[in-house]
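Listed here are the chains, written in short residue letters.
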Amino acid sequence: MEFIVLALVGVVGGLLGGMGMGGGTLLIPLLTLFCKVEQHTAQAVNLISFIPMAIVALIVHAKNKLIDKYKVLWIIIPGVASCIGGCFISKALSGDILSRLFGGFLILLSLFMFIGQLKKKN
């Protein structure tokens, strides 16, 4: 049974990741809530599973000429640098605090998306 739940979590995360929506925003809560995985482990699983999904998505988007190589560098360089800092911060925090921070992030993300949709309709 656990295999089926994990496979379904992978399918949902992969679909969202392939569309560029960040499958981890759903993968981490699914792993912690339904699979009873500890927060640090869920984040590590998310990062590891992201690698092959990102490669496949990158190939598809590159073939469709949807990548602006110049702009990507301005995202990758600061992203990698801040990722290193984020790893050290994550390691220093407890799983409970990480869960709360991630939940807060998801709430803020939802609010920004909701407000953005409201502005589009006006």
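Above this text you will find the structure in question.
Bear in mind the structure is a predicted one, so any value in this text is a computation, not a measurement. (Residues numbered from 1 in each chain as written. Predicted model: local features only at pLDDT ≥ 70, side-chain atom pairs only at ≥ 80, totals over all residues. Heavy atoms only, no water.)

Draft legend 1. Structural view of unusual backbone geometry. Of note, the phi angle at lysine 36 is positive, near 55 degrees, even though the residue is not glycine. Structurally, lysine 36 is set in the loop between α2 (24–33) and α3 (39–63). When its relative accessible area of 68% is taken as the criterion, lysine 36 is described as exposed. Of note, lysine 65 is a non-glycine position whose phi angle comes to about 55 degrees, a positive value. (Helix = DSSP H or I, 4+ residues; strand = E, 2+ residues; numbered from the N terminus. Buried < 20%, exposed > 50% of the residue type's maximum accessible area, 1.4 Å probe, protein only.)

Draft legend 2. Focus on the state of the cysteines. Enumeration over the complete set of coordinates arrives at 0 disulfides. Left without a disulfide partner, cysteine 83 is nearest to the cysteine sulfur of cysteine 87, which lies 4.2 Å away. (Disulfide = S-S within 2.5 Å.)

Draft legend 3. Spotlight on the packing of α3 against helix α5 (residues 95–121). Packing of α3 against α5 brings their axes to within 8 Å, and their N-to-C directions diverge by 60 degrees. It follows from the interaxial angle that α3 and α5 lie oblique. Where α3 approaches α5, its residues Gln39, His40 and Gln43 are matched on the opposing element by Gly95, Leu98, Ser99 and Phe102. Classifying every residue of the contact of α3 with α5 by side-chain character gives 2 nonpolar, 5 polar and no charged. (Axes fitted to C-alpha atoms, helices over the stretch in contact; angles between N-to-C directions. Parallel < 35°, antiparallel > 145°, perpendicular 65-115°, else oblique. Contact = heavy atoms within 4.5 Å. Nonpolar A, V, L, I, M, F, W, Y, C, P; charged D, E, K, R; others polar.)

Draft legend 4. Expanded view of the pattern of salt bridges. Tallying each qualifying case throughout the model produces 2 salt bridges. Between aspartate 68 and lysine 71 there is a salt bridge whose closest N-O contact spans 3.9 Å. With a closest N to O distance of 3.2 Å, arginine 100 and aspartate 96 form a salt bridge. With arginine 100 and aspartate 96 both in helix α5, this residue pair falls 4 residues apart, about one helical turn. (Salt bridge = Lys/Arg side-chain N within 4 Å of Asp/Glu carboxyl O.)

Draft legend 5. Structural context of the side chain of glutamine 39. You can see glutamine 39 is positioned in helix α3. A distance of 2.8 Å separates a polar atom in the side chain of glutamine 39 from a polar atom in the side chain of serine 99. In contact with glutamine 39, other than residues within four places in its own chain, are Ile28, Thr32, Gly95, Leu98, Ser99 and Phe102. (Polar contact = N/O pair within 3.5 Å; in protein donor to acceptor, adjacent residues only side chain to side chain.)

Draft legend 6. Here's a closer look at α3. Over its 25 residues, α3 extends 35 Å from the first C-alpha to the last, a length consistent with the 36 Å expected when each residue adds 1.5 Å. The axis of α3 is deflected most strongly, by about 30 degrees, at phenylalanine 50, and proline proline 52 appears within four residues downstream. Turning to α3, its buried residues number three or more, namely Gln39, Ala42, Gln43, Asn46 and Ala57. Its side-chain oxygen 2.9 Å from the backbone nitrogen of histidine 40, glutamate 38 forms the N-cap of α3. Directly after α3, the chain includes lysine 65, whose backbone phi takes a positive value near 55 degrees. (Expected span 1.5 Å × (residues − 1). Bend = angle between axes of the 7 residues up to and from the residue.)

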